[in-house]
Amino acid sequence: MAIEGRPQRGGRITVRQAVLDGTAELLAERPFETLTVADIIKRSGVSRTGFYYHFASKAEVLLALVDDVADLLVAQLAHVSTPGAAVEAALGIWEQRRPLLLLAQRAARSESDLGERWRALIEERGVRPLGRHLRDEQTAGRLEPDVDPEALARALLGTSEQALFAHAAGYAEAAPSTMLAALTHVWAAALAPPAR
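Keep in mind the model is a prediction, meaning the values are calculated, not measured. (Residues numbered from 1 in each chain as written. Predicted model: local features only at pLDDT ≥ 70, side-chain atom pairs only at ≥ 80, totals over all residues. Heavy atoms only, no water.)

The subject of this paragraph is the nonpolar core. Grouped together as the largest cluster of nonpolar side chains are 54 residues, with contacts concentrated most on Val19, Leu27, Phe51 and Trp118. Breaking this core down by element, the ones donating at least two residues are helix 1 (15-27), helix 2 (37-44), helix 4 (58-77), helix 5 (83-96), helix 6 (98-107), helix 7 (113-139), helix 8 (149-169) and helix 9 (176-190). With nine residues, the single largest contributor to this core is helix 4. Those residues in contact with Phe51, other than ones at most four positions away along the chain, are Val15, Val19, Val37, Ile40, Ile41, Val46, Ser57, Lys58 and Val61. (Core = buried A, V, L, I, M, F, W, Y, C linked by side-chain atoms within 4.5 Å. Buried < 20%, exposed > 50% of the residue type's maximum accessible area, 1.4 Å probe, protein only. Helix = DSSP H or I, 4+ residues; strand = E, 2+ residues; numbered from the N terminus. Contact = heavy atoms within 4.5 Å.)

This next bit is on helix 2. Taken residue by residue, helix 2 has Val37, Ile40, Ile41 and Ser44 as its buried positions. All buried residues of helix 2 project into a common sector of 100 degrees when viewed along the axis, lining one side. Gly45 occupies a position one or two residues after helix 2 and carries a positive phi of about 75 degrees. (Arc of directions from axis to C-beta.)

So, on to the confidence of the model for the chain. Per-residue confidence for the chain gives a mean pLDDT of 89, with 93% of residues at or over 70. Predicted confidence in the chain is weakest over strand 1 (residues 2-8), with a mean pLDDT of 41, and strongest over helix 2, with 97. This model gives residues 1-11 a pLDDT under 50, and the stretch forms 25 contacts once residues within four places in sequence are excluded. (pLDDT = per-residue confidence, 0-100.)

What follows concerns the packing of helix 1 against helix 2. Relative to each other, helix 1 and helix 2 sit at 110 degrees, their axes nearing to 8 Å. For the element pair helix 1 / helix 2, the angle class is roughly perpendicular. Every pair of crossing elements has a handedness; the one defined by helix 1 and helix 2 is right-handed. Contacts between helix 1 and helix 2 involve Ala18, Val19, Gly22, Thr23, Glu25 and Leu26 from the former and Asp39, Ile40, Arg43 and Ser44 from the latter. Within the contact of helix 1 with helix 2, the residues separate by chemical class into four nonpolar, three polar and three charged. (Axes fitted to C-alpha atoms, helices over the stretch in contact; angles between N-to-C directions. Parallel < 35°, antiparallel > 145°, perpendicular 65-115°, else oblique. Left-handed = near helix turned anticlockwise from the far one by under 90°. Nonpolar A, V, L, I, M, F, W, Y, C, P; charged D, E, K, R; others polar.)

Shown next as structure tokens:
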């Protein structure tokens with residue numbers, strides 16, 4: 001199903017995408033808790049029926065947004081070949097999707113549906129694939145043999161997520177370039193080949 005409203009490059013967009021885009025815009029303006037389904041419908045330019053055809057609640061919209069940003073992170077990072085490029089790509093996504101990622105990161109410390117979803121996405125789309133890649137690197141002799149690949153993946157991603165969160169939330173006093181350099185150093189040092 002497509003709608004005419006809210007044209008993007010190429011014209012028409014789906015009702016689902018209009019709802020996601022409208023909600024993302026609203027998140028940049030005010031907290032999720034203050035949003036109503038009526039607000040989302042109005043901003044999205046969709047009918048109430050169209051909204052409820054795709055989503056049972058505003059919470060489901062939020063979960064779909066988190067799934068989409070996880071897909072974006074995975075897709076972007078799949079195209080980079082160096083730790084520096086990966087960190088820079090992740091920072092770019094954090095800057096583009098700041099309100100949503102701040103919300104997800106804060107929820108990750110709770111037992112909410114959003115917190116559970118974010119933790120699962122980090123594990124499934126981040127830790128496990130990176131852990132498999134690191135195990136392959138270890139097998140090829142390019143990673144220390146006594147390092148647990150999955151634990152290293154979890155440590156690298158957790159460190160990066162915390163640093164990006166601190167930057168996006170305004171807690172970090174360092175300039176983005178300083179943070180990028182520090183995270184790049186952490187990744188490069190962790191992934192350095194073993195000394196012979």
